[in-house]
Amino acid sequence: MTDVAERLEELRDRGLHRRLRLVDGPQGPRVTLGGREVLLLCSNNYLGFADHPKVREAAAEAALKWGAGAGASRLISGNMEPHLRLESELARFEGYESALLFGSGYLANTGTIAALAGAGEVVFSDELNHASIIDGCRLSRAKTFVYRHGDLDHLAWGLREAGKRASLIVSDGVFSMDGDIAPVQDLFELSRHHGCRLMIDEAHATGAIGRGGRGSVSAAGLAGEVDIVVGTLGKALGSYGAYVCAGAETVDLLVNSARPFIFSTALAPPAVGAASAALDLLESEPDRVERLQANAATLRSALGAEGLAAGRSSTQIVPIEIGDAGRTMELCELILERGVFAQGIRPPTVPEGSSRLRFTVMSTHTAGELEQAAKLVGAAAREVGLAAVPA
Ligand SMILES: Cc1ncc(COP(=O)(O)O)c(C=O)c1O
């Protein structure tokens with residue numbers, strides 16, 4: 001048996017020990033942390049729906065009408081009208097025949113991959129995919145071929161080697177720690193050429209890219225064509241839970257074989273009501289998506305002017321790679337002291353040696369706030385020797 005204290009000590013020694021911070025109040029562009037107001041630059045509340053009055057009211061109304069919880073899994077007695085309504089709204093929004101709600105994006109990914117791929121088959125997964133995809137591959141009992149990030153030649157080689165055993169290609173639509181967009185069109189072509197399915201996880205793409213925030217699949221003109229689209233309700237849609245969009249037969253198979261769907265309580269009515277209201281707002285106010293994109297561009301260029309390049313990012317996820325975990329946390333704490341909250345991200349969330357400050361922008365930030373934050377981060381980075389003085 002491993003000793004708990006020893007394991008914690010090892011994490012501390014490696015600069016990888018994490019602790020919880022306490023945010024006092026709803027997620028907004030500014031929050032109170034430790035009794036002080038700080039600019040929040042690490043929330044996925046991209047469009048300001050988690051704290052939107054209409055979304056909060058919808059959650060409260062759903063609680064009053066349908067109760068605080070669903071009481072059972074969907075296949076027992078927990079299936080309610082709000083679940084069905086939201087599924088049909090999401091399917092229509094994404095351009096798919098059917099949608100199915102899951103408890104979270106983590107559960108949607110693990111459940112769907114494990115339901116669609118099995119022993120004797122091969123799943124193809126980008127090396128920078130989210131942990132929930134990695135865990136889904138492990139649970140599936142299929143062999144996993146991890147291709148180099150965005151490397152289509154490497155993927156094509158793996159597909160050729162696998163031949164008829166190729167089952168599923170799976171990729172983040174917007175990569176969660178790097179903010180770059182997957183080559184969805186190319187992945188789709190490879191999936192058709194090699195006769196396997198394609199699954200895109202739109203967790204950070206929904207509400208952020210594509211027409212009216214419809215994500216990377218829609219941006220590639222492939223809505224309804226890519227076999228499986230996963231989205232979360234917990235990020236741009238401001239609530240909690242997730243969904244899978246696919247053809248009706250695939251959804252029927254998931255109802256009958258995705259274990260996190262079958263063996264877990266249905267999504268709570270307030271979460272469903274909030275997500276429905278957020279989706280309505282997204283459709284009626286698509287300018288929020290444009291504001292998010294403009295804000296992201298502002299932060300990227302303001303950090304760039306401070307000598308802090310955001311790597312491959314072209315979205316609202318703006319990482320500044322530091323490398324060393326300890327130094328990343330040093331800079332994280334220094335900017336927090338000065339009023340900017342952006343969490344340091346360390347292994348195992350990112351590969352060893354690529355720890356980073358990961359900024360996430362919201363549509364509700366002002367350009368002035370973002371420019372000021374970038375200056376503050378630049379000055380702090382120079383103070384601790386992590387950035388050159390701009391020319
Ligand atoms: C790419 C990606 N997929 C899935 C998830 C999990 O979604 P959820 O938070 O709804 O469990 C995340 C969350 O961070 C993510 O970044």
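Calculation criteria
Residues numbered from 1 in each chain as written. Predicted model: local features only at pLDDT ≥ 70, side-chain atom pairs only at ≥ 80, totals over all residues. Heavy atoms only, no water. Near = heavy atom within 4 Å. Polar contact = N/O pair within 3.5 Å; in protein donor to acceptor, adjacent residues only side chain to side chain. Areas by Shrake-Rupley, 256 points an atom, 1.4 Å probe, with all protein chains shown as cover. Helix = DSSP H or I, 4+ residues; strand = E, 2+ residues; numbered from the N terminus. Nonpolar A, V, L, I, M, F, W, Y, C, P; charged D, E, K, R; others polar. Pairing = 2+ DSSP bridges. Buried < 20%, exposed > 50% of the residue type's maximum accessible area, 1.4 Å probe, protein only. Axes fitted to C-alpha atoms, helices over the stretch in contact; angles between N-to-C directions. Domains from an automatic or database assignment. Contact = heavy atoms within 4.5 Å. Buried area = accessible area lost by both parts, 1.4 Å probe. Expected span 1.5 Å × (residues − 1). Phe/Tyr/Trp six-rings, centres within 6.5 Å; stacked < 30°, edge-to-face > 60°.

Draft legend 1. Spatial organisation of the site of the ligand. The full set close to the ligand counts 14 residues, and Gly105, Asp201, His204, Thr232 and Lys235 are the nearest of them. One nitrogen or oxygen atom from the main chain of Gly105 is found 2.7 Å from an oxygen atom belonging to the ligand. Contact between the ligand and His130: an oxygen atom at 3.4 Å from a side-chain N or O atom of the residue. Protein chains shield 83% of the accessible area of the ligand, which is 390 Å² for the free molecule. With 3 residues, the single largest contributor to the shell around the ligand is helix 5 (residues 105-116). Looking at side-chain class alone, the shell around the ligand contains 2 nonpolar, 9 polar and 3 charged residues.

Draft legend 2. Region of interest: the sheet that holds strand 12 (residues 340-341). In space, the 4 strands of this open sheet follow the order 1-2-3-12, with mixed pairing throughout. This sheet does not close on itself; its edge strands, each paired only once, are strand 1 (23-24) and strand 12. The pairing of strand 1 with strand 2 (residues 30-33) spans 2 bridges and is antiparallel. What sits directly across from Asp24, in strand 2, is Thr32.

Draft legend 3. Region of interest: the pairing of strand 14 (residues 355-360). Burial analysis of strand 14 places 6 of its 6 residues in the buried class, which makes it a mostly covered element. As paired elements, strand 11 (residues 317-323) and strand 14 share 6 bridges and run antiparallel to each other. Of the residues in strand 14, the one forming a bridge with Ile320 is Leu357.

Draft legend 4. Spotlight on the sheet that holds strand 7 (residues 166-172). Read across the sheet, 7 strands follow the order 4-10-9-8-7-5-6 without closing on themselves; strand pairing throughout is mixed. The two strands at the open ends of the sheet, each matched to only one other strand, are strand 4 (98-102) and strand 6 (143-147). Between one strand and the next, the sheet's axes are offset by a mean angle of 20 degrees, whatever the strand orientation. Pairing of strand 5 (residues 122-126) with strand 6, which is carried by 5 bridges, proceeds in the parallel orientation.

Draft legend 5. Structural view of the domain arrangement of the protein. Here the protein is partitioned into domain 1 (14-43 + 286-383) and domain 2 (53-284). The gap between the C-alpha centroids of domain 1 and domain 2 is 26 Å. With 18 residues of domain 1 at the contact, the number on the domain 2 side is 20 residues. The contact between domain 1 and domain 2 buries some 1,500 Å² in all, and 57% of this surface belongs to carbon and sulfur atoms.

Draft legend 6. Spatial organisation of helix 12 (residues 269-284). The end-to-end C-alpha distance of helix 12 is 23 Å, a good match for the 22 Å that 16 residues give at a rise of 1.5 Å each. Within helix 12, 13 of the 16 residues are buried, which leaves it mostly tucked inside the rest of the structure.

Draft legend 7. The packing of aromatic side chains, seen in detail. Evaluation of the coordinates by the stated rule reveals 3 aromatic pairs. The interplanar angle of 55 degrees and the centroid separation of 5.7 Å between the aromatic rings of Phe124 and Phe145 together place this pair among those described as tilted. In this pair, Phe124 is assigned in strand 5 and Phe145 in strand 6, connecting sequence segments 21 residues apart. Of the two residues examined, Phe124 and Phe145, each falls in the buried class. Look at Phe145 and Trp157: their rings are 6.0 Å apart centre to centre, the planes differ by 45 degrees, and that puts the pair in the tilted class. Remark: Trp157 occurs in helix 7 (residues 152-162) and Phe145 occurs in strand 6; sequence separation between them is 12 residues. Classification of Trp157 by relative accessible area gives partly exposed; the value is 42%. Taken together, the aromatic side chains of Phe124, Phe145 and Trp157 make up a single cluster linked through ring pairs.

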